[in-house]
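Architecture at a glance
Listed here are the chains, written in short residue letters.
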Amino acid sequence: MAASAAAARRVVALLVILVLLALAGASSAQQLSTGFYSYSCPGVYGAVKSVVESAIAKEKRMGASIVRLFFHDCFVQGCDASLLLDDTSSFQGEKMATPNNGSVRGFEVIDAIKSAVEKLCPGVVSCADILAIAARDSVVTLGGPNWDVKVGRRDSTTASFSGANNNIPPPSSGLANLTSLFAAQGLSQKDMVALSGAHTIGQARCTNFRAHIYNDTDIDGGFASTRQSGCPSTSGQGDNNLAPLDLQTPTVFENNYYKNLLAKKGLLHSDQELFNGGATDAQVQSYVSSQSAFFADFVTGMVKMGDVTPLTGSAGQIRKNCRRIN
Ligand code: HEM
Ligand SMILES: *[C@@H]1O[C@H](CO)[C@@H](O)[C@H](O)[C@H]1NC(C)=O
Ligand SMILES: *[C@@H]1O[C@H](CO)[C@@H](O)[C@H](O)[C@H]1NC(C)=O
Ligand SMILES: *[C@@H]1O[C@H](CO)[C@@H](O)[C@H](O)[C@H]1NC(C)=O
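Throughout, a residue's number is its position along its own chain's written sequence, starting from 1. As a convention, the first chain written is A and the first ligand written is 1, with the rest following in written order. With the structure being a predicted model, the display of local features is reserved for residues of pLDDT at least 70 and the display and counting of side-chain atom pairs for 80 or more, all residues being used for whole-chain, interface and lining totals. Side-chain metrics in this entry use all non-hydrogen atoms of the structure; hydrogen atoms and water are not considered.

Some thoughts on the overall build of the protein chain
Numbering of helices and strands runs from the N terminus, with a helix taken as a DSSP run of H or I at least four residues long and a strand as a DSSP run of E at least two residues long. A count of helical and extended segments in the protein chain gives 14 helices and two strands. A compact globule built from 326 residues should have a C-alpha radius of gyration of about 20 Å, and the protein chain, at 22 Å, falls within 12% of that. For the protein chain, the spread of C-alpha atoms along the three principal axes comes to 80 × 55 × 40 Å. Taken across its 326 residues, the protein chain has 48% of its residues classed as buried. Restricting the contact set of the protein chain to residue pairs at least 6 apart, pairs at least 24 apart contribute 75%. Atoms considered for the radius of gyration are the C-alpha atoms alone. The globule rule reads 2.2 Å times the number of residues to the power 0.38. Buried residues are those whose accessible area, probed at 1.4 Å on protein chains only, stays under 20% of the maximum for their type, while exposed residues exceed 50% and partly exposed ones sit between those limits. Any two residues whose heavy atoms approach within 4.5 Å are treated as being in contact.

Structure (structure tokens):
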């Protein structure tokens, strides 16, 4: 008996040690914090905000474009600014991958932020953190919620063309595929529905909503014909014609996106999938009833998305120019 009690104590002690090691591992994998630049570059927030605000004052859509850059960066090898790297004759980046080619925009604004920040504190702030802060400032400038951005990310020296093609969901996705592509990044279905609310701002090209407005049945008839008038059914014709993701207020960040879904006026097939008789209907309903519930879950989702496998410590680098490695 005494021997087995001692053995049991050893097992318990071992388990305690394993749990402590696991906790230590988890905390060292997540070194982002809101205070990372408190001493090294406290001015970064003012600098980012002022460039973002003037870019949006010049063109309202730019806020949406910047938010999307953050999403497309984080879904490919984590939030590491891999998306910002330009292609060269010897380097294939992510900009030409299907979800990005002819579609992602705002790189000049990120360049302008980077040069303002480099003047202030040379070599300190990563391009990956600039994306995270600029995305938050864009949401706030367009009327959305505010939150403290966790920082301390470093920039990649690599990019993944195939990752951009495989990880970022296409607008043809059904609910199950949307859910699994977010799950692959450690994001829940609830996060997916809340983060999709970013489609309350910005524009989409005809090529991305053509099939939905001509062939889907889960769409309001009047809305479909309005959108058809700006988007020919023939593939290749008018592919780049734009329509607002939120037909009511595409430059204001509120819960209208979900109201549109209730009225079967989602622009993308993937949008309407969130309210189509499935498991996420109730969540969409709840955001229609409560904008503050949407805002709270959107913030939770953005913080979680910003935590996707960052480079920290001495990994990667602080790029001098966001478009190329040092
Ligand atoms: C749930 C899966 C998602 C799909 C299938 C999807 C798909 C798309 C597509 C096809 C466009 C239009 C691109 C074009 O036609 O050029 C778009 C635009 C946009 N997306 Fe998403 N998206 C998703 C999630 C998100 C998330 C999580 C965010 C940010 C948190 C986001 C932010 C945006 C914004 C702001 C725009 C407008 C960009 C602009 O006007 O420049 N999207 N999305
Ligand atoms: C990117 O888009 C351009 C213009 O539509 C096209 O010519 C090019 O082939 C595309 N690149 C890739 C890699 O698909
Ligand atoms: C959804 O996922 C299935 C299984 O992985 C795949 O076969 C299908 O092509 C995907 N559909 C879309 C629209 O992404
Ligand atoms: C609609 O579906 C039909 C039959 O599958 C297809 O031939 C046609 O190209 C589709 N049209 C659009 C605009 O997607």
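What follows continues from the structure just given.
Brief notes about the coordination of the iron atom of ligand 1
Donor selection uses N, O and S atoms within 2.8 Å of the metal (3.2 Å for Na, K and Ca). Since no water is included, sites may look incomplete. Inspection of the coordination sphere of the iron atom of ligand 1 shows a single protein donor, H199 (NE2), at 2.1 Å. Tracing the chain through its elements places H199 in the loop between α8 (189-195) and β1 (203-205).

So, the domain arrangement of the protein chain
In this document the domain limits rely on a domain assignment from an automatic tool or a database. Domain boundaries assigned for the protein chain yield domain 1 (44-169) and domain 2 (175-305). Taking only C-alpha atoms into account, the centre of domain 1 sits 22 Å from that of domain 2. Here the buried area means the combined drop in accessible surface, using a 1.4 Å probe, for two parts upon being joined, counting both sides. Among the residues domain 1 hides against domain 2, the three largest losses belong to R61, F75 and W147. Together they make up 27% of the total. Basic side-chain nitrogens of Lys or Arg form a salt bridge, by our definition, when they fall within 4 Å of a carboxyl oxygen of Asp or Glu. Taken together, domain 1 and domain 2 are joined by zero salt bridges. As used in this structure description, the phrase polar contact means that two N or O atoms lie within 3.5 Å; if the pair is within protein, one of them must be able to donate a hydrogen and the other to accept it, and residues adjacent in sequence are counted only when both atoms belong to side chains. Linking domain 1 to domain 2 there are two residue pairs in polar contact (both at pLDDT 80 or more). For the side of domain 1 that touches domain 2, the secondary-structure elements that each account for two or more residues are α3 (62-74), α5 (127-141) and α6 (161-167). Sorting elements by how many residues they give to the side of domain 1 that touches domain 2 places α3 first, with five residues. Ten residue types, Ala, Val, Leu, Ile, Met, Phe, Trp, Tyr, Cys and Pro, are classed as nonpolar, four, Asp, Glu, Lys and Arg, as charged, and the remainder, Gly among them, as polar. For the side of domain 1 that touches domain 2, the residue count by class is 13 nonpolar, eight polar and three charged.

Thoughts on the packing of helix α2 (residues 44-58) against α5
Across the interface, α2 lies against α5 with an axial gap of 9 Å and an inter-helix angle of 50°. Judged on the interaxial angle alone, α5 and α2 are oblique. When you trace α2 past α5, the crossing you get is right-handed. Residues V44, Y45, V48, K49, V52, E53 and I56 of α2 form the contact with α5, whose own contacting residues are I133, A134, R136, D137, S138 and T141. Classifying every residue of the contact of α2 with α5 by side-chain character gives seven nonpolar, two polar and four charged. Axis definition: a line fit to C-alpha positions, over the contact stretch in the case of helices; interaxial angles, taken between N-to-C directions, run 0 to 180 degrees. Should an angle lie under 35 degrees it is considered roughly parallel, over 145 roughly antiparallel, and from 65 to 115 roughly perpendicular; all remaining angles are considered oblique. By definition, turning the near helix anticlockwise from the far helix through less than a right angle yields a left-handed crossing, and turning it clockwise yields a right-handed one.

What to know about the UniProt feature "active site" (unreviewed entry) in the protein chain
UniProt positions are given in the numbering used here, feature names are shortened, and annotations may be inferred rather than shown by experiment. Those residues carrying the UniProt feature "active site" (unreviewed entry) are H72 in this numbering. Structurally, H72 is set in helix α3. In contact with H72, other than residues within four places in its own chain, are L83, E94, P99, N100, V104 and I168.

Focus on unusual backbone geometry
With glycine set apart, most residues show a phi of negative sign, and most peptide bonds adopt trans. A positive phi angle is found at Q77, which is not glycine, with a value near 50°. Looking at Q77, the relative accessible area reads 32%, which means it is partly exposed. Residue T309 is not a glycine yet carries a positive backbone phi of 25°. In this structure, T309 sits in the segment after α14 (291-306).

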